[in-house]
Amino acid sequence: MKLAIIGGGAVGLLAAFYLGREHDVTVVTRTAQQRDLLRKNGVCLMKEGQEEGVRLVKAAAFFEKHEYLKHDLWVVALKQTMLPAFFKEWRHCAKLPDMLFVQNGIGHLEEAKKYFRASAILGGVITHGAMKVDGNVVLHRGQGALTVGALGSRSDLICRLLSEDSQFPVREADDLERLLKRKLLTNLVVNPLTALYGERNGELLKRESWRENAYQLFLEGAAALDLGRDEWEQVVRVMEATAGNESSMLQDIKRGKETEVDAITGYLLKQGAKNGVDMPLTAFVHRSIAGLERRGENG
Ligand SMILES: NC(=O)C1=CN([C@@H]2O[C@H](COP(=O)(O)OP(=O)(O)OC[C@H]3O[C@@H](n4cnc5c(N)ncnc54)[C@H](OP(=O)(O)O)[C@@H]3O)[C@@H](O)[C@H]2O)C=CC1
Ligand SMILES: CC(C)(CO)C(=O)C(=O)O
C-alpha cells in the first residue's frame, strides 16, 4: 500500500521504519528541513544505544500536498494537540485518503468522522515506547504492538495492514472502543506520574509508594470508564514492556511542549463527572501537569 505517515515524530518515525518493510511509505513532515534530512539519510532506528538499521523512505513537507494526497492511507501520527489544526486544514477537501489515527485518547475519532465523511476512519492503539532523538533518528524503547480497528463498518484496509513482524506486529482490534478505553487507562497512570516524577515508565513499579499512587489513580480511571479492576494487569504489562521509555508526556514536559493532558486526565475528569465518580487524584495530577506547562501563568 502507499502510506503517508503524517508527522515525523517519535511514533511517525517508528511506524515509518517498520511499516516501510512492507509498504511504500512517505513521511510527511512539518518542515522542509526534516523532509530533506529524511530524503538524504532515511529513517535510522536505534535500540539499546545501537543502530538497528536504516530505512530509505520518501518524504514530503506538509505543504506539498500533491506528494501524498493520492496515497491509499494516511497514518496520522500527530499529537492530540495538533489535531484541531489538521482538521481545519483538510475539512473542506472533498476527496481525501482513508485515515488511521494513532493518538492516545478517545474522542478524536468521532471528530474525524464528522469532518471526513468520505474517508474510512481507523483507530490505532500503540503500546510501543519511542523517542525521537533527531530529525531522522528514533529510539525504540519498548516493544509493543499496533492494534487497529475501524469506526463503524469494518474496512478491508485493516487486512492489508496486519503484520506478523515480531518487532512491530500489527493486529486487529475485536472491540476498538474498549481497546481505546484500556489504553486511556494506561496513559492516565503512566503519563502524568512519569511526567511529575521525571522518571521512566518502569520506575513506577519499582518503588512501593509510587506503585501505590499508580494503583489508586488507576482505580479512579477504571471506575470512570466502567472497566474492571483486573485491567491493572495490562497496565502493569505495558509499564514492564516500556520500562526504559520516557512517556510521551514526560518528553513533552522536558521539551517545554504542550502535553496531551486534556485528552487524558481532562477527558477522564469529564467522564467521571458524567458517571458520578469522584476523582480527586486525577484532578490533582491534571492540575499538576497544567502547572508544569505553566498554563495561565506569566512565567
Ligand atoms: N512516544 C511514544 O512512546 C508514544 C506516543 N503515543 C502517541 O502517539 C502520538 C504521537 O506522539 P509522538 O510521536 O510521541 O509525538 P511527537 O511530538 O514526537 O511527534 C509529533 C510530530 O508531528 C509533527 N507535526 C506537527 N504539526 C505537523 C504538521 N502540520 N505536518 C506534519 N507534521 C507535523 C511534529 O513536528 P515538529 O517536531 O517539527 O514540530 C512532530 O514531529 C501521541 O498521541 C502520543 O500520545 C502512543 C504510544 C507511545
Ligand atoms: C505506551 C506508552 C505508555 C509508552 O510510553 C505511551 O502511550 C506514551 O508514552 O504515550
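The coordinates are above.
Described below are features of the structure shown in this document. (Residues numbered from 1 in each chain as written. Chains lettered and ligands numbered in written order. Predicted model: local features only at pLDDT ≥ 70, side-chain atom pairs only at ≥ 80, totals over all residues. Heavy atoms only, no water.)

1. Quick notes on the packing of aromatic side chains
- Throughout the structure, instances matching the rule amount to 18 aromatic pairs.
- Taking 4.0 Å as the distance between ring centres and 15° as the angle between the ring planes, the aromatic pair formed by Tyr197 and Trp210 counts as stacked. Of the two residues, Tyr197 sits in helix H6 (residues 176-197) while Trp210 sits in helix H8 (residues 208-225), which places them 13 residues apart along the sequence.
- Three or more aromatic residues joined by ring pairs make a cluster, and in this case those are Phe62, Tyr68, Trp74, Phe86, Phe87, Trp90, Phe101, Tyr115 and Phe116.
- In this structure, Arg55 packs its charged tip against the face of Phe17, placed 4.5 Å from the ring centre.
- Looking at Arg207, its charged tip hangs above the ring of Trp210, at a distance of 4.1 Å from the centre. (Phe/Tyr/Trp six-rings, centres within 6.5 Å; stacked < 30°, edge-to-face > 60°. Helix = DSSP H or I, 4+ residues; strand = E, 2+ residues; numbered from the N terminus. Lys NZ or Arg CZ within 6 Å of the ring centre and 35° of its normal.)

2. With respect to unusual backbone geometry
- Positive phi outside glycine occurs at Glu48, with the angle close to 45°.
- Mapped onto the elements of the fold, Glu48 is located in the loop between strand E3 (43-47) and strand E4 (50-55).
- A positive phi angle, near 60°, is found at Asp226, a position not held by glycine.

3. Describing the nonpolar core
- Counting residues in hydrophobic clusters, the biggest one holds 56 residues, and the most contacted among them are Ile6, Trp74, Phe86, Phe101 and Phe116.
- At ten residues, H6 tops the list of elements feeding residues into this core.
- Each of two domains, domain 1 (2-174) and domain 2 (178-292), supplies a minimum of three residues to this core.
- Look past the residues within four positions of Ile6 in its chain and what remains in contact with it is Val28, Phe62, Tyr68, Trp74, Val75, Val76, Ala77, Leu78 and Phe86.
- Tyr18, Leu38, Leu45 and Ile126 belong to the second-largest nonpolar core, a separate cluster that totals 34 residues. (Core = buried A, V, L, I, M, F, W, Y, C linked by side-chain atoms within 4.5 Å. Buried < 20%, exposed > 50% of the residue type's maximum accessible area, 1.4 Å probe, protein only. Domains from an automatic or database assignment. Contact = heavy atoms within 4.5 Å.)

4. A short note on the sheet that holds strand E11 (residues 146-150)
- With mixed pairing, eight strands are arranged side by side in an open sheet as E5-E2-E1-E6-E7-E8-E11-E12. Of all the strands in the sheet, the pair left with one neighbour each is strand E5 (58-61) and strand E12 (170-172). Each strand axis lies, on average, 25° off the axis of its neighbour in the sheet, ignoring direction.
- Sheet topology note: the strand E8 (residues 121-126)/E11 ladder contains five bridges and is antiparallel. Residue pairing across strands places Leu122 opposite Ala150, the latter belonging to E11.
- Taken strand by strand, helix H1 (residues 10-19) contacts strand E1 (2-6), strand E2 (24-29), E8 and E12, and its axis lies near 160° from that of E1. (Pairing = 2+ DSSP bridges. Axes fitted to C-alpha atoms, helices over the stretch in contact; angles between N-to-C directions.)

5. Brief notes about the sheet that holds E3
- Spatial strand order, E4-E3-E10-E9: four strands in an open sheet with mixed pairing. On the outer flanks of this sheet lie E4 and strand E9 (129-134), each paired with one strand and no other. Averaged over all pairs of adjacent strands, the angle between strand axes in this sheet comes to 25°, irrespective of strand direction.
- Sitting on the sheet, H1 is in contact with E3, E4, E9 and strand E10 (137-142), with an inclination near 100° to E3.

6. With respect to the site of ligand 2
- Around ligand 2 sit Asn104, His128, Lys183, Asn187, Val190, Asn191, Asn201, Val238, Asn245, Ser247 and Ser248, and that is every residue in its neighbourhood.
- A distance of 3.1 Å separates an oxygen atom of ligand 2 from a polar side-chain atom of Asn191.
- At a separation of 2.9 Å, an oxygen atom of ligand 2 approaches a polar side-chain atom of Asn201.
- For ligand 2, the accessible surface in isolation is 280 Å², of which the surrounding protein chains cover 95%. (Near = heavy atom within 4 Å. Polar contact = N/O pair within 3.5 Å; in protein donor to acceptor, adjacent residues only side chain to side chain. Areas by Shrake-Rupley, 256 points an atom, 1.4 Å probe, with all protein chains shown as cover.)

7. A few points about the packing of H8 against helix H12 (residues 280-292)
- The N-to-C vectors of H8 and H12 enclose an angle of 110°; their axes lie 8 Å apart at closest approach. In terms of axis orientation, H8 runs roughly perpendicular to H12. Counted together, Gln216, Leu217 and Glu220 of H8 and Pro280, Leu281, Thr282 and Val285 of H12 form the full contact between these two elements.
- Tallied by class, residues from the contact of H8 with H12 come to four nonpolar, two polar and one charged. (Parallel < 35°, antiparallel > 145°, perpendicular 65-115°, else oblique. Nonpolar A, V, L, I, M, F, W, Y, C, P; charged D, E, K, R; others polar.)

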